[in-house]
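Structure at a glance
Residues per chain, in single letters:
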Amino acid sequence: MSNASTESFGIHLRRLRLAAGLSQEELAERAGLTAAAIGLLERGERRRPYPHTLRALADALGLEPAARAAFFAAVPRRAEGNIQREREDSRRDEQRWSRPPVPLAPMVGREDLIASVRDFLRDGAARIVTLTGPGGIGKSRAAVEIAARLREDFDLGPVWVELEALTDPTEVLPAIGRALGLIERPTQDAARIIENHLEGRRSLLLLDGFDRLLAATPLITSLLHRCAGLALLVTSREALRIRGERAIEVPPLGLPGPEMTASAASVERAEAVALLLQRARAAQPAFILTDPDAEVVAAICARLDGIPLALELAAVQLKYHSPQALLKRLQRRLSVLEEGPRDLPVRQRDLRATIAWSYESLDPHEQRVFRRCSIFRGGFTAEAAEAICGEEATPQVRGALSSLVDKSLVRAAPDPAGETRFSMLETILEYAGERLAEDTDGPELARRHAQFHRDLVEAASPHLAGGSRSAWLSQLDREIANLRAALAWAAANEEVEILLGLAGGLAWYWILRGIVREGSSWTQRALACPVRPGMEAARGQVLYAAAAMAWKFEDFPLARRRAGEAVALLRNGFDSRRLALALALSGLIASSAGDPGRAAESHQESLAIFRDLEDSWGIAYAESNLADALLQIGETAAAKERYLDALRRFAETGDDWGRGIVLLTLGNVAWVEGRMDAARRRYEECVELFRGMGNDENAARGLLCLSAVYLRQERIADAERVLRESLRTWRVFESKAGLGACLEGLAAIRAALGNLRAAARLFAAAEVQNPDRLSLYAMPGDLFAPYRTRTEEGLEAAEFAECWAEGETMSLQDSIDSSG
């Protein structure tokens, strides 16, 4: 038997490295990896390197064919069940990824660049590739095409991370988490959430528009070091300048040479001409390039230096002008505008001139709307443009928008709700912003923008705490960049009323979308502002939001104090529904802090107010909260009655989130009552609902409970399947309580199969993961207790102690591996 078959892969790698006389750093340098990655492999913390990593290591070690085969054979194989589970996980993940946008037209040119970048990323020759170049050069379009060709080469991705609307480097990692479909946990570092999610999978992220966030480069570098299977494709005007980066400048599209200008057929083979004609025919399908015009079109493309955005803008004009007239206008206009800032690159000056020429070809009303639309971030609707950019004398904003779309200065596309959403390319947006800065009405537009979005939030806020939240959440998602801009403007200009309305009204949005750190920051800034008479109700709502953020951070003393202040302020008759919600939050905080009696009192008062208001959703919410407190006290029958009423009302109001929570707790009631079939049905319904919503955390709770039911019903394989799915989520969230409970479940499965020694080790490992015996919210505490008793009674005391001691030394990964 060979050494390779008896020693771990890590030991095998270390032996080969030492035999080659290499340090970890030297091997890493040869293989294009990091020394940290080599260390993880040798210590066994990474047990299954990716195929491209294996090939790179074998090449770096100079292994002969036989040694190479043994090296590959030393990697432990995944069990078929694990492979199937990973495939299922990937399919579920893919439903939540932010996918690259679907191009509206075929890619023109760039074939060599696309192929080389694809090969770098696919083969592992580079883990970060940055496409650089000025605005309008086509970096994003090339990245989309590369992503499409790498779809089958990664376990996870390609995932599109849109960064252009961000200005704060600390928001980069949360943006990546959201693009992956992850929910932020306020007590956990965003990098760790991402790292846990990507662990063990080869992943590709596309970071689009990184240039204004270069200060976040160390965060990205750290993420690459910690996620061995991660690859990044970045678009930026400049390189990140980190080790291992392949910075590739995206060149202009190819121009026709002098020998190609004799005929239309030969000119069309040039990339720049092909794009110009593609866009021209999109605007005017009947457009035909004739031989006499071939040389003129070639000159237009040369004048525009082959820059895709410039070509797109100019192509629209072929609908109105002949090629000869267009070339003449371009030459006259550019000869003037090239005298602009000399610190800009020549290509950018040409692009700037092209945008300026397109702008000056607009009528005064179109120019005004174009300038004013630069106030938006992340896109806008026609309704928003009319409210913010219009004025009494010029109400025809929609007509101007249509014209701007026709001229390629504004883009229009349907959003998921079917409404047309407008946006500008970054370069055009910057130019429009410069023109707006020259106007005296810029400050007034900023005020209108902030007020409009404050009004939107105040309209959405009651629905977020209600059954109709889904559509409003989606609308706020689409406007998040505008909301952040409005918050920043209100804070910077001490517009307290607007700031209070935004920060307080977004309370449920911050919570439901898991953006708790950001929400906490804005609520604290709002609370620091002096409040004038008439703002008390708005301040009460901000106190409520601040209490909710503190509760999520598990800072119960602060949460209790803020909630108490909110209740006291809102008792002055400003808004009964907000008072009822604040009382509910006070009760939830009391339950979390271990005071169910006090919680029940708050929930009963909250319920009474909702009943007075005849608010069906509010009654369901209060009934469910009160039932939680009653179940915590031990009044199971009373809790069950209230849960059933809440379930009916949540169904009537169309709130699947509320239904899912109540189904989980009704499953708990059936569990306590010993009705396993009823518990199973409730848990299965709960899991199905939360999976459909992409709510991993609550689905993991249901799966954990479901595994216990399956185990009681002797469905061992089903119990292990759903338990491992739950475990994956708790690993991502780094939940001590969740990890401990899952390891207890794996121990229980081993005990049920008669392997009591393995069970004892896993029960010990569970306590290592959760030494404080923290419990999961809304979960029974005795799911696997009988199996621990069976384990202790089935082993001799000395044998149990021996296995327990072994389990206490096991890492989480070792515990999981030993349970398979």
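Okay, so let's go over this structure. Model, not experiment: these values are computed from the prediction.

**A closer look at the packing of aromatic side chains**
Under the criterion given, the structure shown has 13 aromatic pairs. Measuring from ring centre to ring centre gives 5.3 Å for Phe-9 and Phe-71, while their planes differ by 40°; the resulting arrangement is tilted. Of this pair, Phe-9 sits in helix α2 (residues 9–19) while Phe-71 sits in helix α6 (residues 65–73), placing them 62 residues apart in sequence. No difference in accessibility class separates Phe-9 from Phe-71, as the two residues are buried. Put simply, the rings of Trp-508, Trp-617, Tyr-621, Phe-650 and Trp-657 pair up and form one aromatic cluster.

**A look at helix α19 (residues 364–372)**
The element α19 is largely enclosed, with a buried count of seven among its nine residues. Of all the residues in α19, the buried ones are His-365, Glu-366, Gln-367, Val-369, Phe-370, Arg-371 and Arg-372. Backbone nitrogen of His-365 and a side-chain oxygen of the N-cap are separated by 3.0 Å at the start of α19; the cap is Asp-363.

**Describing the sheet that holds strand β2 (residues 156–162)**
A sheet is described by the order of its strands in space; here five strands give the open sequence β2-β3-β4-β1-β5, paired in parallel fashion. With partners counted over all chains shown, the strands left at the sheet margins are β2 and β5 (245–249), one partner each. Mean inter-strand twist for the sheet, computed between neighbouring axes without regard to direction, equals 15°. Note: strand β3 (residues 203–208) against strand β4 (residues 230–236), six bridges, orientation parallel. Residue pairing in the sheet places Leu-206 in a bridge with Leu-233 of β4. Along the sheet, helix α12 (residues 217–226) makes contact with β1 (128–132), β3 and β4, crossing β4 at roughly 160°.

**Focus on the sheet that holds strand β8 (residues 420–423)**
A sheet is described by the order of its strands in space; here three strands give the open sequence β6-β8-β7, paired in antiparallel fashion. Of all strands in the sheet, those with a lone pairing partner are β6 (380–381) and β7 (411–414), marking the two edges.

**Comments concerning the environment of Leu-233**
Locating Leu-233 in the fold gives a position in strand β4. Once the C-alpha coordinates of Leu-233 and Ala-148 are considered, the two residues, 85 residues apart in sequence, prove to be 12 Å apart. When neighbours within four sequence positions are excluded, Leu-233 is seen to be in contact with Val-117, Leu-121, Val-129, Leu-131, Ala-143, Ile-146, Leu-204, Leu-205, Leu-206 and Leu-207.

**Some remarks on the pattern of salt bridges**
Per the stated rule, a full pass over the model turns up 54 salt bridges. A salt bridge links Arg-435 to Glu-438; the nearest nitrogen and oxygen atoms lie 2.3 Å apart. Through salt bridges with shared partners, one network takes in Glu-111, Arg-141, Glu-145 and Arg-149.

**What about empty space enclosed by the protein?**
Counting across every chain of the model gives three cavities of 30 Å³ or more. Volume-wise, the largest cavity comes out at about 100 Å³. Surrounding the largest cavity, 13 residues form its lining, Pro-174, Gly-177, Arg-178, Leu-182 and Glu-184 being those nearest its centre. Mapped onto the lining of the largest cavity, the elements with two or more residues apiece are α10 (172–179) and α11 (190–198). Broken down by element, the lining of the largest cavity gets its largest block of residues, four residues, from α10.

**Things to note about the nonpolar core**
In this structure, Ile-176, Leu-207, Phe-370 and Leu-704 are the most contacted members of the largest nonpolar core, which totals 204 residues. Not counting residues up to four positions away in its chain, the partners in contact with Leu-704 are Leu-723, Ser-726, Trp-730, Ala-741, Cys-742, Leu-776, Met-779, Leu-783 and Phe-784. Counting 52 residues, the second-largest nonpolar core is a separate cluster that includes Ala-270, Val-297, Ile-307 and Ala-315.

**Overview of the pairing of β3**
Counting buried residues along β3, six of its six residues qualify, which places the element largely inside the surrounding structure. Burial along β3 is two-sided: Ser-203, Leu-205 and Leu-207 and Leu-204, Leu-206 and Asp-208, pointing in opposite directions, are all buried. Of the pairings in the sheet, the one linking β2 to β3 comprises five bridges and is parallel in character. Its bridge partner lying in β3, Trp-160 is registered against Leu-206. Taking the sense of rotation as the criterion, the β-α-β connection linking β3, α12 and β4 turns out right-handed.

**Comments concerning the packing of α11 against helix α38 (residues 716–733)**
Between α11 and α38, the least distance of the axes is 7 Å, while the angle of their chain directions is 150°. Relative to α38, the element α11 is oriented roughly antiparallel. Where α11 approaches α38, its residues Arg-192, Ile-193, Asn-196 and His-197 are matched on the opposing element by Arg-728, Arg-731 and Val-732. Of the residues contributing to the contact of α11 with α38, the split by class is two nonpolar, two polar and three charged.

**With respect to helix α9 (residues 139–149)**
Along α9, the positions that sit buried rather than exposed are Lys-139, Ala-142, Ala-143, Val-144, Glu-145, Ile-146 and Ala-147. In this fold, the buried residues of α9 make contact with α8 (111–123), β1, β2, β3 and β4.

**What to know about the side chain of Arg-750**
Residue placement: Arg-750 occurs in helix α39 (residues 736–752). For Arg-750, a relative accessible area of 8% corresponds to the buried category. Filtering out sequence-adjacent residues up to four positions away, Arg-750 remains in contact with Glu-720, Asn-755, Ala-758, Ala-759, Leu-762 and Ser-819.

Reading guide: rules and limits
Residues numbered from 1 in each chain as written. Predicted model: local features only at pLDDT ≥ 70, side-chain atom pairs only at ≥ 80, totals over all residues. Heavy atoms only, no water. Phe/Tyr/Trp six-rings, centres within 6.5 Å; stacked < 30°, edge-to-face > 60°. Helix = DSSP H or I, 4+ residues; strand = E, 2+ residues; numbered from the N terminus. Buried < 20%, exposed > 50% of the residue type's maximum accessible area, 1.4 Å probe, protein only. Polar contact = N/O pair within 3.5 Å; in protein donor to acceptor, adjacent residues only side chain to side chain. Pairing = 2+ DSSP bridges. Axes fitted to C-alpha atoms, helices over the stretch in contact; angles between N-to-C directions. Contact = heavy atoms within 4.5 Å. Salt bridge = Lys/Arg side-chain N within 4 Å of Asp/Glu carboxyl O. 1 Å grid on protein atoms, 1.4 Å probe; cavity = no way out; pocket = protein on both sides within 12 Å on 5 of 7 lines; lining within 4 Å. Points joined across faces, edges and corners; volume = space filled by probe spheres on them. Core = buried A, V, L, I, M, F, W, Y, C linked by side-chain atoms within 4.5 Å. Right-handed = clockwise from strand over helix to strand, strands pointing away. Parallel < 35°, antiparallel > 145°, perpendicular 65-115°, else oblique. Nonpolar A, V, L, I, M, F, W, Y, C, P; charged D, E, K, R; others polar.

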